[in-house]
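Structural description and commentary
What follows is the residue order along each chain.
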Amino acid sequence: MKRVSKAIFPVAGLGTRFLPATKSIPKEIMTLVDRPLIQYAIDEARAAGIKEFIFVTARGKSALEDYFDVAPELENTLRKKGKNELLKTLKSTNMDSGEIAYMRQNKALGLGHAVWCARRLLGNEPFAVILPDDVIAAEKPCLQQMVEAHAEIGGNMVAAMEVPPEMASSYGMLDIKEDMGSVVSVKGMVEKPTVADAPSNLAVIGRYILTPDVMRNLNKAKSGAGGEIQLTDAIAAEIENSDNVYGYRFRGQRYDCGSKAGFLQATVAFGLAREELSGEFSQFLEGMMATRKAAQ
Ligand code: UTP
């Protein structure tokens, strides 16, 4: 089986839930503590062995392209001032020439369409898709867990997470054929079902390893739920064609940084996880909670 060496990062969405901030700042550049969301995604991809990074971008996202470029003036200043630790941090964000590619999605027609925009940059091999607004804190990075499982079973794999029934309508939900523990084989996928129609409590999260067949399905795709071209539909078609779609129950904590509540939760969790901040920050949070309680 070919190893997964390319990842697509769809970052062309409008990010309307964060307006007005996203009027001029791409959502993926928003920071958890001091690192943009996209940096967490890139680090996770590297840990999983990804060598080629394909961004599907859009108008207004140039800050993203600049973020991965070298910053000679900034580097020189830090060097002159002897700020070597900061210089190291800065240089770790640079991407080598040719390692990163940008494709343009000229209309936000949905996640499936965004992935399809990268079709010419993929060969006949499996590829990963990472949604940077799903941030996953894990001892072993989520995509690495999936790449290892994929090396054993192949096919199409989506990250899966248990959600409470009332949350099903916010996710693509899996209909399970066989539960094998961390891996489940899938007999159906339903995009944003009502509580009554949800086939299980396993939701699809923004990490995928897909076969070129899914890209071929996207070539033929028509608009699905909400008038958008859904990636879920193109993956679900493979259940019928090849019966090789799996869900992977990853180990880790996922934060929905595409929503305000999820972003704030991640900020608190990542802030508390930082050694240099945790003391002062947890004291502050405890004080806040005590004041709130006293006022109730
Ligand atoms: P979301 O559903 O979170 O949409 O997209 P969004 O536009 O980013 O945010 P809201 O809902 O308006 O607040 C999930 C992922 O798919 C990408 C987004 O950039 C995000 O990473 N996406 C979505 C595209 O690249 N193109 C699209 O047409 C839609």
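Structure's up top.
Remember, it's a predicted structure, so these values are computed and weren't measured experimentally.

The next subject is the overall build of the chain. Helix and strand content of the chain: ten helices and 13 strands. In summary, the chain has a C-alpha radius of gyration of 20 Å against a globular reference of 19 Å for 296 residues, a match within 12%. Counting only C-alpha atoms, the chain reaches 60 × 55 × 35 Å along its principal axes. Buried residues in the chain amount to 46% of all 296 residues.

On to the packing of aromatic side chains, then. Throughout the structure, instances matching the rule amount to eight aromatic pairs. Taken together, a centroid distance of 5.9 Å and an interplanar angle of 70 degrees make the contact between tyrosine 255 and phenylalanine 270 edge-to-face. Highlighted residues: tyrosine 255 in strand β13 (residues 253-256) and phenylalanine 270 in helix α9 (residues 260-273), separated in sequence by 15 residues. With respect to burial, tyrosine 255 and phenylalanine 270 carry one shared label: buried. The ring of tyrosine 40 carries the charged tip of arginine 35 above its face, separated from the ring centre by 4.9 Å. Its guanidinium or amino end placed over the ring of tryptophan 116, arginine 119 lies 3.7 Å from that ring's centre, counting from NZ or CZ.

Attention now moves to the layout of surface pockets. Approximately 1200 Å³ is the volume found for the largest pocket. Considering every element that reaches the lining of the largest pocket, the biggest residue donor is strand β11 (residues 202-210), with four residues. Of the voids in this model, the second largest pocket is the one considered here, and its volume is about 280 Å³. Lining the second largest pocket are 17 residues, with Asp34, Tyr67, Thr89, Leu90 and Thr93 positioned closest to its centre. Broken down by secondary-structure element, the contributors of at least two residues to the lining of the second largest pocket are β3 (35-36), α1 (37-47), α2 (62-67) and α4 (84-91). Here the element with the most residues in the lining of the second largest pocket is α4; it accounts for three residues. Grouping the constituent residues of the lining of the second largest pocket by class yields six nonpolar, five polar and six charged.

So, on to the nonpolar core. Grouped together as the largest cluster of nonpolar side chains are 39 residues, with contacts concentrated most on Phe9, Phe53 and Phe55. In terms of residue count, helix α6 (residues 142-153) provides more of this core than any other element does, five residues in total. Excluding residues that lie within four positions of it along the chain, phenylalanine 9 makes contacts with Ile38, Ala41, Ile42, Ala45, Phe53, Ile54, Phe55, Val56 and Ile130. Ile54, Cys117, Val184 and Ile239 belong to the second-largest nonpolar core, a separate cluster that totals 32 residues.

Moving on: the packing of α9 against helix α10 (residues 275-295). Orientation of α9 relative to α10, taken along the N-to-C sense of each, is 125 degrees, at an axis distance of 6 Å. As the angle between them shows, α9 and α10 are arranged oblique. Contacts between α9 and α10 pair Thr267, Val268, Gly271, Leu272 and Ala273 from the former with Glu275, Leu277, Ser278, Phe281, Ser282 and Leu285 from the latter. Here the residues of the contact of α9 with α10 sort into six nonpolar, four polar and one charged.

Attention shifts here to the site of the ligand. Taken together, 18 residues lie near the ligand, and Pro10, Leu14, Thr16, Lys27 and Gln105 sit nearest. Here an oxygen atom of the ligand and a backbone polar atom of proline 10 are 2.8 Å apart. Taken atom by atom, the bulk of the ligand overlaps the largest pocket. Broken down by class, the residue content of the shell around the ligand amounts to nine nonpolar, five polar and four charged.

Calculation criteria
- Residues numbered from 1 in each chain as written.
- Predicted model: local features only at pLDDT ≥ 70, side-chain atom pairs only at ≥ 80, totals over all residues.
- Heavy atoms only, no water.
- Helix = DSSP H or I, 4+ residues; strand = E, 2+ residues; numbered from the N terminus.
- Rg over C-alpha atoms; globule rule 2.2 N^0.38 Å.
- Buried < 20%, exposed > 50% of the residue type's maximum accessible area, 1.4 Å probe, protein only.
- Phe/Tyr/Trp six-rings, centres within 6.5 Å; stacked < 30°, edge-to-face > 60°.
- Lys NZ or Arg CZ within 6 Å of the ring centre and 35° of its normal.
- 1 Å grid on protein atoms, 1.4 Å probe; cavity = no way out; pocket = protein on both sides within 12 Å on 5 of 7 lines; lining within 4 Å.
- Points joined across faces, edges and corners; volume = space filled by probe spheres on them.
- Nonpolar A, V, L, I, M, F, W, Y, C, P; charged D, E, K, R; others polar.
- Core = buried A, V, L, I, M, F, W, Y, C linked by side-chain atoms within 4.5 Å.
- Contact = heavy atoms within 4.5 Å.
- Axes fitted to C-alpha atoms, helices over the stretch in contact; angles between N-to-C directions.
- Parallel < 35°, antiparallel > 145°, perpendicular 65-115°, else oblique.
- Near = heavy atom within 4 Å.
- Polar contact = N/O pair within 3.5 Å; in protein donor to acceptor, adjacent residues only side chain to side chain.
- Sits in = over half its atoms within 2 Å of the grid points.

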